[in-house]
Amino acid sequence: MAKPQVVVAPVLMSKLSVNAPEFYPSGYSSNYTESYEDGCEDYPTLSEYVQDFLNHLTEQPGSFETEIEQFAETLNGWVTTDDALQELVELIYQQATSIPNFSYMGARLCNYLSHHLTISPQSGNFRQLLLQRCRTEYEVKDQAAKGDEVTRKRFHAFVLFLGELYLNLEIKGTNGQVTRADILQVGLRELLNALFSNPMDDNLICAVKLLKLTGSVLEDAWKEKGKMDMEEIIQRIENVVLDANCSRDVKQMLLKLVELRSSNWGRVHATSTYREATPENDPNYFMNEPTFYTSDGVPFTAADPDYQEKYQELLEREDFFPDYEENGTDLSGAGDPYLDDIDDEMDPEIEEAYEKFCLESERKRKQ
């Protein structure tokens, strides 16, 4: 049996006429106004009013700050039942997971309404119903991650919306402190597991987007609790790069993500006292060092303990023969048997070995 549509009650109309200019923000459709002026009691439904506002935000995101307060006030006079609140949650959820680039705006909208909607029925307030709706999608994550292309696309939209919710949904404690929802933090960890457990290209791309969006915040939160979850995620990424049958471009994206994380997610923190960089305190210590290659084409730097003696020998040779480039190629034309046969472009086999070496070196520096 279908639920009856919720319409604007006459009592609301007595306080806020449908043809009053404040009822619709600038840019709204005038269909409702025309119907009212023609004498038709064709009041808009809750669905029509909310959808109209969501579409307006999609087209003009800059109007959020100026129009959200009036929108919330209107809803407080309108959303007075469990069914109406459920309908509101569903409308916003669908917009945030089906319209490209609305996930951020949807998360901001959810945060505002969670603090400004006055209705709080037994079934739960706005935030509780929103999290329940997200949980419905979350519970089928494993099936969705291995589903068909359409199913996976819908799942990815949900994942990124949940990431935006984690960043934007503020929980106010009894002492007034503002925190994030721990339940979303746990959920995002499990969603990443689902994506990496099914390493198809689009799943991995979604995981990269989620980590670029939330990685720094998640890692900070986990570290505060003494957890090593981000280390485990990076390990999974390295395993995918080495073993999974994903495309070359996706592997490159994953390697770039590992690099981003090694630079503290791109964040720069000024230090109060100067410390000389060493391999122990600077993860990027070896990045500017020359790279050499063995006779088998295996690259090595000072970061690789297995080749430290040979590395030092080649560095000394560079001092005596400045014509050598960093890749070990003699610019003067006189080759070294140890360094010959190095092309500007590495073949796929050598490049794969290089990627593996980079990952192994990263692990050794962390140990």
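By the naming in an unreviewed UniProt entry, the protein chain is Polyadenylate-binding protein-interacting protein 1, taken from Callithrix jacchus. UniProt lists a comment for the protein chain under the heading Subcellular location (unreviewed entry), and it reads "Cytoplasm". Its UniProt record gives the protein chain a comment under Subunit (unreviewed entry), which states: "Interacts with the RRM1-RRM2 and C-terminus regions of PABPC1 in a 1:1 stoichiometry. Interacts with EIF4A."

*Asks:* Tell me about the overall build of the protein chain, and name the residues and values.
*Replies:* Within the protein chain, the secondary structure is distributed over 15 helices and 4 strands. Sequence separation of at least 24 residues holds for 64% of the intrachain contacts in the protein chain that already meet a minimum separation of 6. Just so you have it, the protein chain exposes about 20,500 Å², and 47% of that area is on carbon and sulfur atoms.

*Asks:* Let's hear about the pattern of salt bridges: which residues, and what values?
*Replies:* What the rule picks out here adds up to 12 salt bridges. K225 is paired through a salt bridge with D182; the nearest N and O atoms lie 3.6 Å apart. With K225 in the loop between α11 (201-224) and α12 (229-243) and D182 in helix α10 (residues 182-197), the pair connects residues that are 43 residues apart, well separated along the chain. Close ionic contact of E231 with R261 constitutes a salt bridge, the shortest N to O distance being 2.8 Å. One end of the pair, E231, is in helix α12; the other, R261, is in helix α13 (residues 248-262), with 30 residues separating them in the sequence. With relative accessibility at 9%, the residue R261 sits in the buried group. In this structure, a network of salt bridges that share partners links the residues E219, K223, E231 and R261.

*Asks:* So what's going on with the packing of α11 against α13? Which residues, and what values?
*Replies:* Helix-helix packing is characterised by the crossing angle of the two axes and by the distance between the axes. Packing of α11 against α13 leaves a shortest axis separation of 10 Å and a crossing angle of 5 degrees. Between α11 and α13, the angle falls in the class roughly parallel. Contacts between α11 and α13 pair D201, L204, I205, V208, L211, K212 and E219 from the former with V250, M253, L254, L257, L260 and R261 from the latter. Looking at the contact of α11 with α13, its residues break down into 9 nonpolar, no polar and 4 charged.

*Asks:* Residues and numbers for the packing of aromatic side chains, please.
*Replies:* Counted according to the given criterion, the structure contains 4 aromatic pairs. Linked through ring pairs, Y49, F53, F71 and W78 together constitute an aromatic cluster. Over the face of the ring belonging to Y138 we find K141, whose NZ or CZ atom lies 4.1 Å from the ring centre.

*Asks:* Just give me the short version of the confidence of the model for the protein chain, but keep the residues and values in it.
*Replies:* For the protein chain, the mean per-residue pLDDT works out to 76, and 62% of the residues sit at or above 70. For residues 1-40, every residue scores under 50 in pLDDT, and the model assigns this stretch 60 contacts once sequence neighbours within four places are set aside. Note that residues 318-344 has pLDDT below 50 and, in this model, 40 contacts with residues that lie over four places away or in other chains.

*Asks:* Could you give an account of α10, with specific residues and numbers?
*Replies:* The terminal C-alpha atoms of α10, which comprises 16 residues, lie 23 Å apart, in line with the 22 Å expected from a rise of 1.5 Å per residue. Taken together, the buried positions of α10 are L184, Q185, G187, L188, R189, L191, L192, N193, A194, L195 and F196. Considering only its buried residues, α10 is in contact with α7 (126-138), α8 (141-145), α9 (149-168), α11, α12 and α13.

*Asks:* Which residues make up the nonpolar core, and what are the values?
*Replies:* Counting residues in hydrophobic clusters, the biggest one holds 77 residues, and the most contacted among them are L75, L88, L113, F126, L165, F196 and I237. By residue number, the principal contributor to this core is α11, which donates 9 residues. Those residues in contact with L165, other than ones at most four positions away along the chain, are A107, C110, L130, C134 and L184.

*Asks:* Now, about unusual backbone geometry: what can you tell me, with residues and values included?
*Replies:* Although it is not a glycine, N101 sits at a positive phi angle of roughly 70 degrees. Relative to the helices and strands, N101 is located in the loop between α5 (82-98) and α6 (103-116). Looking at N101, the relative accessible area reads 76%, which means it is exposed. In this model, W265 sits at a positive phi of 60 degrees, which is unusual for a non-glycine residue. For W265, a relative accessible area of 10% gives the class buried.

*Asks:* Give me the lowdown on the environment of L162, citing residues and values where you can.
*Replies:* For L162, the location among the structural elements is in helix α9. Its relative accessible area of 4% is what places L162 among the buried residues. Separated by 29 residues in sequence, L162 and L191 place their C-alpha atoms 9.7 Å apart. Excluding residues that lie within four positions of it along the chain, L162 makes contacts with C134, L184, L188 and L191.

*Asks:* Please set out helix α3 (residues 46-59) residue by residue, giving values where relevant.
*Replies:* Along its 14 residues, α3 runs 20 Å from first to last C-alpha, staying within 8% of the 20 Å computed at 1.5 Å per residue. Taken together, the buried positions of α3 are L46, Y49, V50, D52, F53, L54, H56 and L57.

*Asks:* Please give an account of the environment of Y93 that cites residues and values.
*Replies:* Relative to the elements of secondary structure, Y93 occurs in helix α5. As a C-alpha pair, Y93 and C134 span 41 residues in sequence and 8.3 Å in three-dimensional space. Setting aside chain neighbours within four positions, we find Y93 in contact with R133, C134, E137, F158 and F161.

About the cut-offs
Residues numbered from 1 in each chain as written. Predicted model: local features only at pLDDT ≥ 70, side-chain atom pairs only at ≥ 80, totals over all residues. Heavy atoms only, no water. UniProt positions renumbered as here; feature names shortened; annotations may be inferred. Helix = DSSP H or I, 4+ residues; strand = E, 2+ residues; numbered from the N terminus. Contact = heavy atoms within 4.5 Å. Areas by Shrake-Rupley, 256 points an atom, 1.4 Å probe, with all protein chains shown as cover. Salt bridge = Lys/Arg side-chain N within 4 Å of Asp/Glu carboxyl O. Buried < 20%, exposed > 50% of the residue type's maximum accessible area, 1.4 Å probe, protein only. Axes fitted to C-alpha atoms, helices over the stretch in contact; angles between N-to-C directions. Parallel < 35°, antiparallel > 145°, perpendicular 65-115°, else oblique. Nonpolar A, V, L, I, M, F, W, Y, C, P; charged D, E, K, R; others polar. Phe/Tyr/Trp six-rings, centres within 6.5 Å; stacked < 30°, edge-to-face > 60°. Lys NZ or Arg CZ within 6 Å of the ring centre and 35° of its normal. pLDDT = per-residue confidence, 0-100. Expected span 1.5 Å × (residues − 1). Core = buried A, V, L, I, M, F, W, Y, C linked by side-chain atoms within 4.5 Å.

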